[in-house]
Amino acid sequence: MLLRPKLSTSLAVYEGFKVVVQGLANMTDGAPWPWKAIPQTVLQFTSMVERALDQPQKVRDLTDRIARRIALLLNISQNKGVNNPELDAYVELFLADVQRIILRLRIIEKTHPAKAFPLTDHIDAIIAGEAEKMQTALQELQVRFAVHTAYGVDATKTMVTEIHASVVGSSSQQALHISTRARLPARPSCFKGRTTQLSALVKLVCNSLNVRIAIMGPGGMGKTSLAKAILHEEEVVNVLQDNRFFVSVEDVIDIESAAKRLAEQLGVGDTSDPQSAAISALQTLSRSLLVIDNLETLWFSNNAAAQKDTERFLQRLADVPSLTLIVTSRGSVTPSGIEWTNDQSAELEAISLEAAQETFEQIAGRPSLATELAALGQLLACVDCMPLAVTLLAQLARQKNSPSQLLQRWHHSKTTFIRAGGDHRESSVNVSIQISLDLLSGMTGGSEGCQLLSICAHLADGLRLPVFAQLVAHFSDIHAARDLLVTFALITVGLNDELRMLSPVRHFVLKHLPMTAGHLAALREIYFAIAASGPLLADENFSQLAKNVAPEYGNLTSFLLHLIETEEPSQELYDAVDRVSEYSYYTVPSPTLREAFRLRLTTHPAWLANCLFDLGRTRFMRDEYSLATDNFQATRKLYATFGNRILRRDAGSFSGNVCGCRVRLRPPSGSCMPRETRSSS
């Protein structure tokens, strides 16, 4: 059984520490990142400590220094003011330090065979070392802000009580409120023909609690634009203020990755349980609005387990009484398991011909000739007034392509797509995309624009600036190519200057515009290097090495999945999958990469054995004990075929214990084997 602190004088101090944190939770209710994350993060720490240790004196040393650091931050916030970026940075450092302790203890908890904490000198050293680091950080904070305090747990508890009383008694509640809102995508610059739907949905959002709204329809219908417009509507801003969040889950690999994105939006630090962390953060807000965009990626997954996980997480979100939930998704049937407030009117229809013409003219101007005006009407009717198709064609008209010329191209191109079958409305969008690509290819630099577009399509989180910079040498003028794509509305520039694509464009490009061999090789080299720079063990270098992988984790995963599907297994690919999967193992365990890779390793038994073993570790971390046992037993059978009784015994032992302890099994001599760089836990 898990060990808990003994009742003692030191435990009384520890319980006092928890009172401090609970008081902070009340005091920072509704405060944005990073202040609101203090109680959440430290409560995670207390929960872990209660399971981890039976040595109260070690707990007292560490918790006393954490309490002192909290007190000092509070003291500085009162003296210096809370709208202080430098102080915010020190708060984030504090959160990172506590999360590091949680991570180290969690790794020991999960990798110990008995699934309980061993009473070893190793844990003593961790606690003592972390206490010393807390003391060093405390001294640095004192020196930097020239504020000194000897506050321990008892004094901090008194201080929290006093500040809490002043906050509650203040009508402005400015003592700890920091005006920092989540970064939201911009309101659509051109948004016509949705006044009725927008007004009705805004009324639902503002006048009711716990509303669940589904916005359904084919790609290119304007679902995302409608959701963004709701977020920025003045009435919604007045009611929800900073508590408005937007998360795109296009091409995320599983619900854990989606929850991690949400947790990041909410300002929650790194955690191995992003679902619970995100839910807890939302529950602290008096009222909030969350938009989940492109839900179809998860909802229509071929993986039944992934779909079930998505349904459970959606239900957990829907059960937060203060949360209004909006999802956008392709299709016409709303996700099951939830009572959608707008279920009878969830599917979007195309905008009217008048609205489509207004959209076109806002972008490209009104045709001066009557014949061109008539051609425009025919062109808009041909594309069924689909908003994305109208926008793409209008951008082409700005490049000196008249409506009659575009109409001619439309009739020339549409037959191929209609013959291919599928939704006629989506064919309208696809034809518009193809016309854009055809015209782009004929322009100076257009060929490179198409090549850059193909690269962007393979990166789920967008082409980020560091990777963009490394691609410069592989283009004649990558900046001109980027500008052309922006001009044609085929890509957009994101909040962090990354290059992104709308979902319908991305899906079309992935299907019809493959990367050149040279650019594929360049991207492989870049992302294999990023993977190789990541952590392989949870040691003292983990946090620093994780920073190399974390910003590109989504892109690494989507690109590696593409390579797994399209290339024969190689040592380089094995190593990259191994590295990224190990990073995931120690942060948010995901079996996705290894599960996909194992299906391609039937002719590589040594790699397959290691892959199955590591899958078992990952399944164990996710509490999927039946699947973990299956993976360990399959590993055992594989090593039995090698005739190595030691390896067979080891795999069988793990299967019996359902244990995720890290041991790198050695393939037989002479076989094709992965590199051995990992040590036993």
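## Details of the confidence of the model for the protein chain
In step 1: Looking at the protein chain, the pLDDT average stands at 76 and 73% of residues meet or exceed 70.
In step 2: For the protein chain, helix H6 (residues 153–168) is the element with the lowest average pLDDT, namely 44, and helix H23 (residues 517–532) is the one with the highest, namely 96.
In step 3: Predicted confidence for residues 1–14 stays below pLDDT 50, and this span has 32 contacts to residues more than four positions away or in other chains.

## A word on the sheet that holds strand S2 (residues 244–248)
In step 1: Reading across from one edge, S1-S4-S3-S2 is the order of the four strands in this open sheet, with parallel pairing throughout. Every interior strand has two partners, whereas the edge strands, strand S1 (212–216) and S2, have only one. Between one strand axis and the next, the sheet turns by 15 degrees as a mean value, whatever way the strands run.
In step 2: Where S2 meets strand S3 (residues 288–293), five bridges bridge the pair, whose relative direction is parallel. When the bridges of S3 are listed, Arg244 appears paired with Leu289.
In step 3: On top of the sheet, helix H13 (residues 304–318) reaches S1, S3 and strand S4 (323–329); it is set at about 145 degrees to S4, its chief contact.

## Description of the pairing of S1
In step 1: Most of S1 is tucked away, with five of its five residues classed as buried.
In step 2: In S1, alternate side chains face the same way, and those of Arg212, Ala214 and Met216 on one face and Ile213 and Ile215 on the other are all buried.

## Details of the side chain of Thr224
In step 1: In this structure, Thr224 sits in helix H8 (residues 223–232).
In step 2: Exposure remark for Thr224: the relative accessible area of 17% places this residue in the buried category.
In step 3: Within polar-contact distance, the side chain of Thr224 engages the side chain of Asp293 at 2.8 Å.
In step 4: Setting aside anything within four residues of it in sequence, one finds Thr224 in contact with Phe246, Asp293 and Thr328.

## A short note on the environment of Ile478
In step 1: With respect to the helices, strands and loops of the structure, Ile478 is situated in helix H21 (residues 478–487).
In step 2: The spatial distance from the C-alpha of Ile478 to the C-alpha of Gln451 is 9.8 Å, given a sequence separation of 27 residues.
In step 3: In contact with Ile478, not counting residues within four places along its chain, are Glu448, Leu452, Phe468, Leu471 and Val472.

Thresholds applied
- Residues numbered from 1 in each chain as written.
- Predicted model: local features only at pLDDT ≥ 70, side-chain atom pairs only at ≥ 80, totals over all residues.
- Heavy atoms only, no water.
- pLDDT = per-residue confidence, 0-100.
- Helix = DSSP H or I, 4+ residues; strand = E, 2+ residues; numbered from the N terminus.
- Contact = heavy atoms within 4.5 Å.
- Pairing = 2+ DSSP bridges.
- Axes fitted to C-alpha atoms, helices over the stretch in contact; angles between N-to-C directions.
- Buried < 20%, exposed > 50% of the residue type's maximum accessible area, 1.4 Å probe, protein only.
- Polar contact = N/O pair within 3.5 Å; in protein donor to acceptor, adjacent residues only side chain to side chain.

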